[in-house]
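Working through the structure, step by step
Listed below are the residues making up each chain.
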Amino acid sequence: MATRDVPAKTAEVPPPMMTVGVMGWARENLFSAWYNGALTIVLGVVTLLALWFGFAWIFGPADWEVIAKIGGRFVIGQYNTEAACIGQDCFWRPLAGLMLVTMLLGMAWGVAGGGFTKRVAITVTAVAALAAFIPYSFDVMGLDVRLLLLANIPALFVGLALARYTRLGTMKWIAIMSVGVFLLTLLLLRGLPWVPGLQPVSVIYWGGLMLNLLLAVAGIALSLPIGIALALGRRSRLPVVKMLCVVFIEVFRGVPLITLLFMSQVLVPLAFPENFPQNSLFRAAIIITLFSSAYMAENIRGGLQALHPGQEEAARSLGLSGWQTTAFISLPQAVRNVIPAIVGQFIALFKDTSLVYIIGMLDIVEMGRAFIQGNPQYLDNAQELFIFLALVFWVFTYGMSYVSSKIEGNLGVGSR
Amino acid sequence: MTLLTRITTYEGIPLWRHVGALRWAAQIASAVVVVTLVVWFFANIVNAIQDRQIPHGFSFLQRAYQTPIGQHFLPYDSSDSFLYALVVASTNTVIVAVAGVALATMLGIVIGVARLSNNWILSSLSKVYIEFFRNVPLLVQLFFWFYIVLELPPIREGYVIGGNLYINNRGITMPWPAADSLIAVVLWLGLAVGAVLLGAAVHRMLVRREISTGKSSYPVISGIAVTLGGGALAWLLIGMVAGEAPLTVSYPEEYGAFGRLQNGFTASAGLLALLIGLVMYTAAFIAEIVRAGIQSVGRGQFEASRALGLSPIDTLRHVTFPQALRVIIPPLISQCLNLTKNSSLGGAIGYSELTNVAKTMTQTAPAVSIFLLIMAAYLAMSLSWSLVGNLYNRYVRIVER
């Protein structure tokens, strides 16, 4: 009787050393072929040299004094100058607006219960609070400013407590309060003539990052609904409505924003009666919003077109009306599918706020440029200035795309 | 039935519930609102023009502009008319746009392909490039490059490379082709285009023969040889007839006491910074488009062509990229449009493009008319890009089976 050959138990052989671990990774990603190896070495040397000289420049010949000299003007522009705020100190108003925002972030944290909302809220508050310890002398940056910046920490926890222990802790209330906080901040910044301590500050003195953020927030909040309306109008079966929307979208997409901004300053005042209340900031905000809505409309139209017609037919056959189908079936799916494009447009809008220089407003970029033009001894430090500005914008735009990817993850895009 | 019910009822449905009637009502209402607004704005503008005696109309176009334009590619003098100044400014915009699109597309394709490389350093570097240049406002980038050029040494202490390339804080001055007689240049250019077409035809014929017979007949080399030979032949022919070469090279020369330069071609600081900035910025967007396009081609295509023995480069050239083009072209066109529109930022760094010149013009000419004119100019440029893109798209589409 033949016995089955039982194979002798072999010792477990480890995988070849060159296919796993650091060596395996390097072999696959850096040296997979002779030309890849050569490329890796050349690029590696070039990158190291660039980093070496870059750091050597940053900590060596680069003179960052110009950034320190501009300092707070990067944030609020000429808002707190003697000309803007006659006989008063107005620095507390933007800071109070910032505290309202951190409070809102605290509420959002409370409602979301952690996750990336918590991270965003804590990061913003920490940056604001750490700004209190910038090593300026107390003549330049007083104790009051520092204390107001530190007050963002309690503001965050007030918001958190409001969300946890009162009935305000719902998404609906946060949405309502966001609008309220935005309007209240505008009111604080603008001032009221009959309230002592709230002296009106003309919008021509609003500037710095504050101006960029105000324009961006207003534009982002309004361009999405207007864009949705335009996209629906462009897909409408009513020829007149469709034509009007197409003309609007194509005209705003065909002309550079800077041209529109400049012409708005020249033409819009003529288009309204002489005593009609308006100002340059308001006009710029409207033009930027309309410009962005035209692009937004095309993004959303793309989303609507990509939707399977069966969705709409199914909704109609379930008895939903045309409006209900659009509002509850088509739009939510269309918007969800084009979130990357929408956020891309938000980022473009934020970058475009730097174009208000054309109408003489001193946003963060123009503030810096005007400073080095007015102080020619800093002309040689323009690189330091613009690298700093690029980093500021990069942090914000990268933050926006980070939040967008998180929202996409939460909505389950691509996983259903 | 009362009279009112009979009037307001259609086939038994009251009008306020009748879909057709409601649609008409909605259209009429929206049209009325928009037309009223437009008429109101227009009436206000007309009123303001009359009350404040603001100049209007298009008669200013014949007047002399009497303002210098920084860098210009067409001959321009301050005594030229507004109309001609607008043409000069549009040419400035178009030249930056065309050069920018060409360079940005090349750089964008290189970076987009590099992003997909399996070399980790190369793909990370291109990712860093894309994430940085895409997320920083173009204006900041333009200022950055502009002030770098301005920090170069002044003209007398500037760098001179090879005796002919002058680099200083006014820009770069380089040798440039110059024409003595326009007819000879146009004639030669026409013949040169003919030579290119002939070379392409030869290339196509040889490729066909190679496919049908299986024998190698060097189509690329032959095509290039025919093109170059034809061009050189035309050059010699025109040179013999006209007695001189159709194009000569104009070298920069120093003159005067301050080391100023004449002849050659000077790319001013504004033009240089605008071109560099636009190209670097737009290339980041194009790279993402190219990456998405290549990724949209099924992985099987890549694997199949590798299995057939094509090298990675040949796979990209003959299999993946031609299919990706169909996805790439439409967003690429919109990037061309964006670049053209973004060139309007050149005014901030002293390059006299259309918007900048128009802005200066509004000080001495009616703003409404200028606005209409430059809007028409930008719309025409946008339409041209769309036309070029759509034609190319159709050409690419033939590849589809």
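Residues numbered from 1 in each chain as written. Chains lettered and ligands numbered in written order. Predicted model: local features only at pLDDT ≥ 70, side-chain atom pairs only at ≥ 80, totals over all residues.

**Topic: the overall build of chain B**
Rules: Strands are runs of DSSP state E lasting at least two residues, helices are runs of H or I lasting at least four, and both sets are numbered from the N terminus onward. Here the globule rule reads 2.2 Å times residues to the power 0.38, and the radius of gyration is calculated from C-alpha atoms. We call a residue exposed when 12 or fewer other C-beta atoms sit within 10 Å of its C-beta, buried when the count reaches 20 or more, and partly exposed for counts in between; the C-beta positions come from the backbone. By the criterion used throughout, residues are in contact when their C-beta atoms, derived from the backbone, lie within 7 Å.
Looking only at helices and strands, chain B has 12 helices and 10 strands in total. Taking 2.2 N^0.38 as the reference for a compact globule, 401 residues should give roughly 21 Å; the C-alpha atoms of chain B span a radius of gyration of 29 Å, well beyond that estimate. With respect to the principal axes defined by its C-alpha atoms, chain B has extents near 95 × 70 × 50 Å. Taken across its 401 residues, chain B has 31% of its residues classed as buried. A separation of at least 24 residues holds for 65% of the contacts in chain B among residues at least 6 apart in sequence.

**Examining the environment of S264 of chain A**
All names here are of chain A. Of note, S264 is situated in helix α12 (residues 257-271). Judged by local crowding, S264 falls into the buried class, with 21 C-beta atoms found within 10 Å. Distance from S264 to M361, taken between C-alpha atoms, is 14 Å for residues 97 residues apart in sequence. If near-sequence neighbours (up to four positions away) are discounted, S264 is found in contact with R283 and I287.

**Some thoughts on the sheet that holds strand β3 (residues 159-161) of chain B**
Residues and elements named next belong to chain B. Using the following cut-off: In this analysis, strands are considered paired if DSSP registers two or more bridges between them. Interaxial angle, 0 to 180 degrees, is taken between N-to-C directions of lines fitted to C-alpha atoms, where a helix line uses only the stretch in contact.
Reading across from one edge, β3-β4-β5-β10 is the order of the 4 strands in this open sheet, with antiparallel pairing throughout. Of all the strands in the sheet, just β3 and β10 (265-268) have a single pairing partner and so form its edges. Pairwise comparison of adjacent strand axes, ignoring direction, gives a mean angle of 15° for this sheet. Packing of helix α8 (residues 269-296) onto the sheet brings it into contact with β5 (171-174) and β10, and relative to β10 it is tilted by some 65°.

**Quick notes on helix α5 (residues 138-150) of chain B**
Residue and element names in this part refer to chain B. Keep this limit in mind: The span expected for a helix works out to 1.5 Å for each residue beyond the first.
For α5, which comprises 13 residues, the first-to-last C-alpha distance of 18 Å matches the rise-based estimate of 18 Å (1.5 Å per residue) to within 8%. Counting buried residues in α5 gives 11 out of 13 residues, a clear majority hidden from the surface. Those residues of α5 lying buried are L138, L139, V140, Q141, L142, F143, F144, W145, F146, Y147 and V149.

**Here we look at the environment of L150 of chain B**
All names here are of chain B. Locating L150 in the fold gives a position in helix α5. The class of L150 is partly exposed, set by 17 C-beta atoms lying within 10 Å. If sequence neighbours within four positions are ignored, L150 has contacts with N169 and A269.

**A word on the interface of chain A and chain B**
Here is the rule we go by: For this classification, Asp, Glu, Lys and Arg are treated as charged, while Ala, Val, Leu, Ile, Met, Phe, Trp, Tyr, Cys and Pro are nonpolar and the rest, including Gly, are polar.
Taken together, the contact between chain A and chain B spans 43 residues of the former and 42 residues of the latter. At the level of secondary structure, the elements contributing two or more residues to the side of chain A that touches chain B comprise α2 (34-59), α11 (239-254), α12, α16 (339-352), α17 (364-374) and α18 (382-411) of chain A. Take the side of chain A that touches chain B: its biggest share by element is 9 residues, from α18 of chain A. In terms of residue class, the side of chain A that touches chain B is built from 29 nonpolar, 11 polar and 3 charged.

By themselves, these observations are geometric and do not establish any function.
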